[in-house]
Protein chains: 2
Amino acid sequence: MKAEIISIGDELLIGQTINTNAAWMGQELNKIGVHVYQIISISDTKDHIIKALDEAKCRTDLILLTGGLGPTRDDITKHTLAAYFSSKLIFNQEVFENIKSFLSGRSIPINEFNREQAEVPENAKIFQNKNGTAPGLWFETDGRIIVSMPGVPHEMKALMKEQILPAISAFFITPVILHKTILTFGTYEARLAEILTDFEQSLPEAFSLAYLPKDGVIKLRLTAKGTNKTALTKRMEHTISELYRIIPEYIFGTGEDTLEQIIGNLLKHQGSTLSTAESCTGGRIAHLITSLPGSSNYYIGSIIAYSNRIKEKILNVDPSLINNHGAVSREVVEAMAQGVRQYFNTDYAVATSGIAGPDGGTIEKPVGTTWIAATKHQKIISKKFLLGNNRNRNVRRASLTSLNMLRKLIQM
Amino acid sequence: MKAEIISIGDELLIGQTINTNAAWMGQELNKIGVHVYQIISISDTKDHIIKALDEAKCRTDLILLTGGLGPTRDDITKHTLAAYFSSKLIFNQEVFENIKSFLSGRSIPINEFNREQAEVPENAKIFQNKNGTAPGLWFETDGRIIVSMPGVPHEMKALMKEQILPAISAFFITPVILHKTILTFGTYEARLAEILTDFEQSLPEAFSLAYLPKDGVIKLRLTAKGTNKTALTKRMEHTISELYRIIPEYIFGTGEDTLEQIIGNLLKHQGSTLSTAESCTGGRIAHLITSLPGSSNYYIGSIIAYSNRIKEKILNVDPSLINNHGAVSREVVEAMAQGVRQYFNTDYAVATSGIAGPDGGTIEKPVGTTWIAATKHQKIISKKFLLGNNRNRNVRRASLTSLNMLRKLIQM
């Protein structure tokens, strides 16, 4: 059973909006055994929408559209679908009540644009949108399903999760597709490929392996297709245990795990606390850690010491260390880690000091030079990394490298 | 002149990777007057790549492929293109030298996988990749251009910027497309649409307006198409000045401006300094501010006070305020802002305290309740916001709302 995702909106084509919706939908469809054949982003025009629908109907059983359902004049999907099915728009009282209740909950007065959103194609099944004013629309035509959803990510996601995915599972019979992802950190793609040459060649026919590198993390994605779920699952488990045998030192997690999650779980388990002192990463590490619900149980806080004065004043870094070794040095980053750990009275601490760029590099310490320290009480580890010449990438990589160093320290 | 972007990789279809490449390419192509007709994400299979190429050739003059050029076995684009053009792969010494020099610069030993990357289709023009091992490939066929690039974002971007975009501009004659984006903050989409009803109806034929809401920012994108750049530009300027006349209180910038950039420029201009005290936003504001090169000139640092103890100890918040009003209150957030400003001795400070969720809400203070304060010396403004029930969205919205409040204070 194949599906196609059609994302509608000129903002996607001119790159003003990144198509995060399609990625999320691909993930969710995959989980229920729907094979996404392709994803296509098209313009906000009637002709393009109709052409895309016609083409998609020839190759797939399920077409999911997002976008163009808003209250403004550039939103034409609903009218186009009504025309496509030669259906007319009728006022739907239930949709109108939902719009009124949504808006009143946010103290927003209803207006004529919202009232028009209660008009829906006569042949559509309606999915009420609890998080916005445009309902989801479900059309059945020649055994195929066409679904239209708003493009606002959290509205689309709630509609999919709560109503549309269950409806798809009920309508179609789907095959078994298994994906397992093993997460690695600490080496580079070509080196991993070299180590895994024999492993890849001995993979069963139904299996495939992909390498997905990002900001230092390399995801290894194993895919298995078949009909016998039990046999496939068993084979997958065996394949994964092989990977753990071959590259144990690089694997830090699986699936959607993140370094911040793994650290959070370890700290919760130990009942330990953490603080951070960030210079070059400027709050990125704190942001990653606090993105998790419940992080206030182990994460006490952070000092973002962007100026040397703060490194000295709050983190108690001896000014002579900065004078003698520079702010980007083993001595200073270790002092920062110890300083913040003592200041916040935590079990663990991590500190960063580096030259994120684009300015500030020297021949001795080029842009990308980053010192990271992780400490647990009296124990401290620190290391220098040469990351690269792009500021934002350096910040991302330094943050993940810090978390990986902390993880290793916790697991020592 | 129309272009199509083909993004290759199963990771896009199963949603493991978000297609940021296509958005960036769309933006860059648009700037040089290339109209991106559609963006399509397809699987890592020979058949699908060939089908997509055949279809794209029927409707566009320029096809840009990314992905599938890596050193591993799942990378098949190069072989597929060679087969598509009935061309053979030949070893290219120049490419090999580039690979060797790239790897040696990172102290990575060359291996057989990398050596194979030096084999390129005989009919391709080569663009050397300074940031990786896979070169860009440029094919000319029946007056159409097909370009293949690696999928690693920073490799693709450097190749496009430095070599491929200039080559496209040299090869094609392109029409005039103007995009101008006006950035607003502080109201919601349907309300803006209502205010702008007459404005929209009086737009010239060649103009269109789109609303792009995200995390509280609503981007208004004006597009104009034509042949006479001077006339179009003049008309665009007039249209934009109309917008500034109608909604001055909501507009904070244009184009790719961000609140953190605007604040950075204002602070630099004034020679003022800034510090932050973040509770619910957990480092997100600091991360946004320090994402800009040169931010160390005005941004001194931050206290991320995730625990009440830190609010009292470092920020000097009177414990009785927390006891009497709760951590999420006007009294505490104002004390945090004043505390951090005095502690870091800065001109400005911003503080946040809120219930990001999913837990911690009460009937009186539901999840999403967020207090924000901005201060300049003795002057302080603060406000309560009811954001919503999604943790990460709350953090994003609270961060941008804080920056907008700070911007208004600076511009008062």
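Computed from a predicted structure; not experimentally measured.

What counts, and at which threshold
- Residues numbered from 1 in each chain as written.
- Chains lettered and ligands numbered in written order.
- Predicted model: local features only at pLDDT ≥ 70, side-chain atom pairs only at ≥ 80, totals over all residues.
- Heavy atoms only, no water.
- Pairing = 2+ DSSP bridges.
- Helix = DSSP H or I, 4+ residues; strand = E, 2+ residues; numbered from the N terminus.
- Axes fitted to C-alpha atoms, helices over the stretch in contact; angles between N-to-C directions.
- Contact = heavy atoms within 4.5 Å.
- Buried area = accessible area lost by both parts, 1.4 Å probe.
- Salt bridge = Lys/Arg side-chain N within 4 Å of Asp/Glu carboxyl O.
- Polar contact = N/O pair within 3.5 Å; in protein donor to acceptor, adjacent residues only side chain to side chain.
- Nonpolar A, V, L, I, M, F, W, Y, C, P; charged D, E, K, R; others polar.
- Least-squares fit on C-alpha atoms with pLDDT ≥ 70 in both.
- Phe/Tyr/Trp six-rings, centres within 6.5 Å; stacked < 30°, edge-to-face > 60°.
- Buried < 20%, exposed > 50% of the residue type's maximum accessible area, 1.4 Å probe, protein only.
- 1 Å grid on protein atoms, 1.4 Å probe; cavity = no way out; pocket = protein on both sides within 12 Å on 5 of 7 lines; lining within 4 Å.
- Points joined across faces, edges and corners; volume = space filled by probe spheres on them.
- Core = buried A, V, L, I, M, F, W, Y, C linked by side-chain atoms within 4.5 Å.
- pLDDT = per-residue confidence, 0-100.
- Parallel < 35°, antiparallel > 145°, perpendicular 65-115°, else oblique.
- Left-handed = near helix turned anticlockwise from the far one by under 90°.

Chemist: Can you help me understand the sheet that holds strand 16 (residues 369–376) of chain A in this one?
Modeler: Within a sheet, each strand pairs with its neighbour through backbone hydrogen bonds, oriented either parallel or antiparallel. In space, the 10 strands of this open sheet follow the order 17(A)-16(A)-15(A)-13(A)-14(A)-14(B)-13(B)-15(B)-16(B)-17(B), with mixed pairing throughout. Two strands bound the open sheet, and with one partner strand each, they are strand 17 (379–386) of chain A together with strand 17 (379–386) of chain B. Going from strand to strand, the sheet's axes swing by 10° on average, the running direction of each strand aside. Where strand 14 (residues 299–305) of chain A meets strand 14 (residues 299–305) of chain B, 5 bridges bridge the pair, whose relative direction is antiparallel. The residue of strand 14 of chain B that forms the bridge with Ser302 of chain A is Ile304 of chain B.

Chemist: Help me out: how do you make sense of the interface of chain A and chain B in this one?
Modeler: Size of an interface: often given as the accessible area lost when the parts come together. Facing the 85 residues of chain A at the interface are 85 residues of chain B. Roughly 7,300 Å² of surface becomes buried between chain A and chain B when both sides are summed, with 54% attributable to carbon and sulfur atoms. Together, Ile14, Gln16 and Tyr306 of chain A form the three largest contributors to the area buried by chain A at its contact with chain B, with a combined 9%. On inspection of chain A and its partner chain B, the count reaches 2 salt bridges. In this structure, Arg59 of chain B engages Glu55 of chain A in a salt bridge whose closest nitrogen and oxygen atoms are separated by 3.5 Å. In this assembly, chain A and chain B are joined by 39 residue pairs in polar contact (both at pLDDT 80 or more). In terms of residue class, the side of chain A that touches chain B is built from 36 nonpolar, 30 polar and 19 charged.

Chemist: In this structure, what is going on with the relation of the copies chain A and chain B? I would like to understand it.
Modeler: One chain copy maps onto the other through a rotation about an axis and a shift parallel to that axis. After a rotation of 180° and a shift along the axis of 0.0 Å, chain A superposes on chain B with an RMSD of 0.1 Å. Read as a symmetry element, the transformation amounts to a two-fold axis. When the interface residues of chain A are mapped onto chain B, 100% of them again fall at the interface, so both copies present the same face.

Chemist: Help me understand the environment of Met1 of chain A, please; the structure alone is not making it clear to me.
Modeler: Residues and elements named next belong to chain A. Structurally, Met1 can be placed in the segment before strand 1 (2–8). Remark: the alpha-carbon pair of Met1 and Phe113, spanning 112 residues in sequence, is separated by 38 Å. Beyond its immediate chain neighbours, meaning those up to four positions away, Met1 contacts Val34, His35, Asp61, Leu62, Ile168, Phe172, Ile173, Thr174 and Pro175.

Chemist: Help me understand the packing of aromatic side chains in this model?
Modeler: Any pair of aromatic rings gets described here by the distance separating the centres and the angle formed by the planes. Residues and elements named next belong to chain B. The tally for this structure, following the rule as stated, stands at 16 aromatic pairs over all chains. On the basis of an interplanar angle of 80° and a centroid distance of 5.3 Å, the ring pair of Tyr84 and Phe85 is categorised as edge-to-face. By relative accessible area, which is 18% here, Phe85 ends up buried. Arranged with centres 5.9 Å apart and planes meeting at 80°, the rings of Phe127 and Trp138 form a pair that is edge-to-face.

Chemist: How should the layout of surface pockets be read in this particular structure?
Modeler: If you roll a probe as big as a water molecule over the atoms, it shows you where there is empty space left. Here the second largest pocket is characterised by a volume of approximately 700 Å³. Lining the second largest pocket are 26 residues, with Ser208 and Leu209 of chain A together with Asp10, Asp44 and Thr45 of chain B sitting closest to its centre. Going through the elements one at a time, strand 2 (35–42), strand 9 (176–185), helix 9 (197–201), strand 10 (207–214) and strand 11 (217–226) of chain A together with helix 1 (10–13) of chain B are the ones with two or more residues in the lining of the second largest pocket. Of the residues forming the lining of the second largest pocket, the biggest block, 4 residues, is contributed by strand 10 of chain A.

Chemist: Looking at this structure, I do not really get unusual backbone geometry. What am I missing?
Modeler: Among all residues except glycine, the phi angle is most often negative; among peptide bonds, the trans geometry is most common. Residues and elements named next belong to chain A. Cis geometry marks the peptide bond from Gly357 to Pro358, where omega comes out at 0°. Considering the arrangement of structural elements, one finds Pro358 in the loop between strand 15 (348–354) and strand 16. A positive phi angle, near 50°, is found at Asp142, a position not held by glycine. Structurally, the position occupied by Asp142 is in the loop between strand 7 (136–141) and strand 8 (144–149). Residue Asp142 is classed as exposed on the basis of its relative accessible area of 63%.

Chemist: Just to check I follow, could you spell out the nonpolar core for this structure?
Modeler: Nonpolar side chains tend toward joint burial in soluble globular proteins. Within the largest apolar cluster, 62 residues are counted, with the highest numbers of intra-cluster contacts made by Tyr299 and Leu403 of chain A together with Tyr299 and Leu403 of chain B. Among all residues touching Leu403 of chain B, those that are not within four sequence positions of it are Leu259, Glu260, Ile263, Ile285, Leu288 and Ile289 of chain B. Core analysis: the next-biggest nonpolar cluster, separate from the first, contains 46 residues, Val328, Ala335 and Ala337 of chain A together with Leu315 of chain B among them.

Chemist: Would you mind going over the sheet that holds strand 9 (residues 176–185) of chain B with me for this structure?
Modeler: Residue and element names in this part refer to chain B. Spatial strand order, 10-11-9-12: 4 strands in an open sheet with antiparallel pairing. For this open sheet the edge positions go to strand 10 (207–214) and strand 12 (251–254), each flanked by a neighbour on one side alone. On average, each strand axis in the sheet is inclined to that of its neighbour by 25°, with strand direction left out of account. Note: strand 10 against strand 11 (residues 217–226), 8 bridges, orientation antiparallel. Of the residues in strand 11, the one forming a bridge with Lys214 is Val217.

Chemist: Explain the confidence of the model for chain A here, please?
Modeler: Any region with low pLDDT has predicted coordinates that should not be read closely. Residues and elements named next belong to chain A. Averaged over every residue, the pLDDT of chain A is 93; residues scoring 70 or more account for 100%. Mean pLDDT values over the elements of chain A span from 82, in helix 13 (residues 308–313), up to 98, in strand 3 (residues 62–66). With a pTM of 0.76, the predicted complex shows an ipTM of 0.74.

Chemist: Would you take a moment to explain the packing of helix 3 (residues 46–59) of chain A against helix 4 (residues 77–84) of chain A for this structure?
Modeler: Each packed pair of helices is defined by two parameters, the angle between the axes and the distance between the axes. Residues and elements named next belong to chain A. As a packed pair, helix 3 and helix 4 sit with axes 10 Å apart at the nearest point and diverge in direction by 55°. Accordingly, the angle class assigned to the pair helix 3 and helix 4 is oblique. Regarding helix 3 and helix 4, the two cross each other, and that crossing is right-handed. Where helix 3 abuts helix 4, its residues Lys46, Ile49, Ile50, Leu53, Asp54 and Lys57 lie against Thr77, Thr80, Leu81, Ala83 and Tyr84. By residue class, the composition of the contact of helix 3 with helix 4 is 6 nonpolar, 2 polar and 3 charged.

Chemist: Looking at this structure, how should I read the pattern of salt bridges?
Modeler: Two side chains bearing opposite charge may form a pair once their charged atoms approach each other closely. For the structure on display, the rule yields 24 salt bridges over all chains. When the shortest N-O distance is used, the salt bridge between Lys51 of chain B and Glu55 of chain B registers 3.2 Å. Residue Lys51 of chain B and its partner Glu55 of chain B are located together in helix 3 (residues 46–59), separated by 4 residues, close to a single helical turn. We note a salt bridge from Glu162 of chain B to Lys130 of chain B, for which the minimum N-O separation is 3.2 Å. Of the two residues, Glu162 of chain B is situated in helix 7 (residues 153–171) and Lys130 of chain B in the loop between strand 6 (125–127) and strand 7 (136–141); the sequence distance between them amounts to 32 residues. By relative accessible area, Lys130 of chain B is classed as exposed at 60%. In the salt-bridge network here, residues are joined through shared partners; they are Glu4 and Arg59 of chain A together with Lys51 and Glu55 of chain B.

Chemist: When you look at the pairing of strand 16 (residues 369–376) of chain B in this model, what are you seeing that I'm missing?
Modeler: Residue and element names in this part refer to chain B. Among the 8 residues of strand 16, 7 are classified as buried, and the element is accordingly described as predominantly covered. Of the pairings in the sheet, the one linking strand 16 to strand 17 comprises 8 bridges and is antiparallel in character. Bridged to Ala373 within strand 17 is Ser382. The loop that links strand 16 with its antiparallel partner strand 17 comprises 2 residues; one of these, His377, has a positive phi angle of about 45°.

Chemist: Would you take a moment to explain empty space enclosed by the protein for this structure?
Modeler: Evaluated as defined, the whole model comprises 3 cavities of 30 Å³ or more. Considered as a void within the structure, the largest cavity measures approximately 130 Å³ in volume. Asn19, Ile39 and Ser41 of chain A together with Asn19 and Ser41 of chain B are the residues nearest the centre of the largest cavity, which is lined by 16 residues in total. Broken down by secondary-structure element, the contributors of at least two residues to the lining of the largest cavity are helix 2 (20–31) and strand 2 of chain A together with helix 2 (20–31) and strand 2 (35–42) of chain B. Grouping the constituent residues of the lining of the largest cavity by class yields 10 nonpolar, 6 polar and no charged. Contributing to the lining of the second largest cavity are Cys280, Ile355, Ala356, Gly368, Thr370, Leu387, Asn394, Val395 and Ala398 of chain B.

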